[in-house]
Amino acid sequence: MKKLNALLATACLVGSVSLYPTITFAKTNTTFNLTSIQEQGDKPDAASEKKAYDAYNAANAEKDPNKRLSMVKEALQLYPKSQYVVYFKQLIVKSHGEAFQACMAPAGSENMEGAFKVVNEVSTDLPDLELNYLLALSDPIARFAKKYDTAHAEKGGAALKKAIDLIKADKKPQGVKDDEWTKKKPVILASLYQTLGIFAW
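Presented here is an overview of the structure given in this document. It should be emphasised that the depicted structure is a prediction, and the values quoted were computed from it without experimental measurement.

### A closer look at the packing of helix α4 (residues 65-78) against helix α5 (residues 85-104)
Two elements in contact, α4 and α5, have axes separated by 9 Å at closest approach and are oriented at 155°. As far as their axial angle goes, α5 and α4 are roughly antiparallel. Every pair of crossing elements has a handedness; the one defined by α4 and α5 is left-handed. In this structure, α4 contributes Pro65, Asn66, Arg68, Leu69, Val72, Ala75 and Leu76 to the contact, and α5 contributes Val85, Phe88, Leu91, Ile92, Lys94, Ser95, His96, Glu98 and Ala99. Here the contact of α4 with α5 is built from residues that sort into 10 nonpolar, 3 polar and 3 charged.

### Thoughts on the environment of Tyr53
Along the polypeptide, Tyr53 turns up in helix α3 (residues 46-61). Taking the C-alpha atoms as reference points, Tyr53 and Val85, separated by 32 residues in sequence, lie 9.8 Å from one another.

### A closer look at helix α8 (residues 153-168)
Here α8 contains 16 residues, and its C-alpha end-to-end distance of 22 Å stays within 8% of the 22 Å for a straight helix at 1.5 Å per residue. Among all positions of α8, only Gly156, Gly157, Ala159, Leu160, Ala163, Ile164, Leu166 and Ile167 are buried.

### A closer look at the side chain of Gln83
As for its position among the elements, Gln83 is in the loop between α4 and α5. Within the local environment of Gln83, its side chain forms a polar contact with the side chain of Glu49, the two groups lying 3.0 Å apart. Polar contacts involving the side chain of Gln83 include one to the side chain of Tyr84, which spans 3.4 Å.

### Points about unusual backbone geometry
Each neighbour pair has its own omega, and for Ala105 with Pro106 the value is -5°, a cis peptide bond. You can see Pro106 is positioned in the loop between α5 and α6 (112-125).

### Thoughts on the packing of helix α7 (residues 130-145) against α8
Relative to each other, α7 and α8 sit at 135°, their axes nearing to 9 Å. By the angle between their axes, α7 is oblique relative to α8. Every pair of crossing elements has a handedness; the one defined by α7 and α8 is left-handed. Here Glu130, Leu131, Leu134, Leu135, Leu137, Ser138 and Ile141 of α7 lie close against α8, whose contacting residues are Gly156, Ala159, Leu160, Lys162, Ala163, Leu166 and Ile167. Here the contact of α7 with α8 is composed, by residue class, of 10 nonpolar, 2 polar and 2 charged.

Cut-offs applied
Residues numbered from 1 in each chain as written. Predicted model: local features only at pLDDT ≥ 70, side-chain atom pairs only at ≥ 80, totals over all residues. Heavy atoms only, no water. Axes fitted to C-alpha atoms, helices over the stretch in contact; angles between N-to-C directions. Helix = DSSP H or I, 4+ residues; strand = E, 2+ residues; numbered from the N terminus. Parallel < 35°, antiparallel > 145°, perpendicular 65-115°, else oblique. Left-handed = near helix turned anticlockwise from the far one by under 90°. Contact = heavy atoms within 4.5 Å. Nonpolar A, V, L, I, M, F, W, Y, C, P; charged D, E, K, R; others polar. Expected span 1.5 Å × (residues − 1). Buried < 20%, exposed > 50% of the residue type's maximum accessible area, 1.4 Å probe, protein only. Polar contact = N/O pair within 3.5 Å; in protein donor to acceptor, adjacent residues only side chain to side chain.

Right, dumping it as structure tokens:
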């Protein structure tokens with residue numbers, strides 16, 4: 001199991017995107033300068049931009065990732081052409097990452113229902129990061145799969161199948177170098193199939 005954990009961690013951690021995508025972002029977010037971003041599309045009026053800026057600051061100050069996510073999505077609907085849209089989207093990455101990380105701690109007592117919910121939201125909000133989350137989720141799924149009559153069999157099996165389908169469709173985790181993924185892909189696929197087999201046993 002330790003070897004499997006290391007392989008799965010490698011698949012998610014190599015490069016700029018971590019096992020929990022918020023970790024890297026959280027460290028770099030403060031370096032962004034909101035006044036220096038390039039404007040894109042139609043230029044909103046000054047009053048709307050001030051509201052968008054205030055909405056960003058309010059969302060960024062919110063500690064609860066779920067509340068922050070709701071605030072950001074509302075702001076994106078209100079100010080879809082704002083120059084701050086890119087920063088709202090970065091807060092989506094941060095919020096999902098923090099929510100997922102909270103579900104994964106402490107090890108052995110993971111909030112699996114919460115984690116499944118986050119991954120489902122990521123599949124819609126951040127499809128490029130979906131495989132990263134599914135691989136991160138596969139480790140606790142493997143541990144729960146060994147428990148008799150686990151309550152997470154159906155959702156766990158579906159998550160494993162989704163990860164397998166994405167990998168077979170030539171998707172790879174964000175932040176993983178091609179040569180590294182080529183080496184790890186067969187082993188990770190084998191471990192996913194093995195865990196899926198435990199659920200079916």
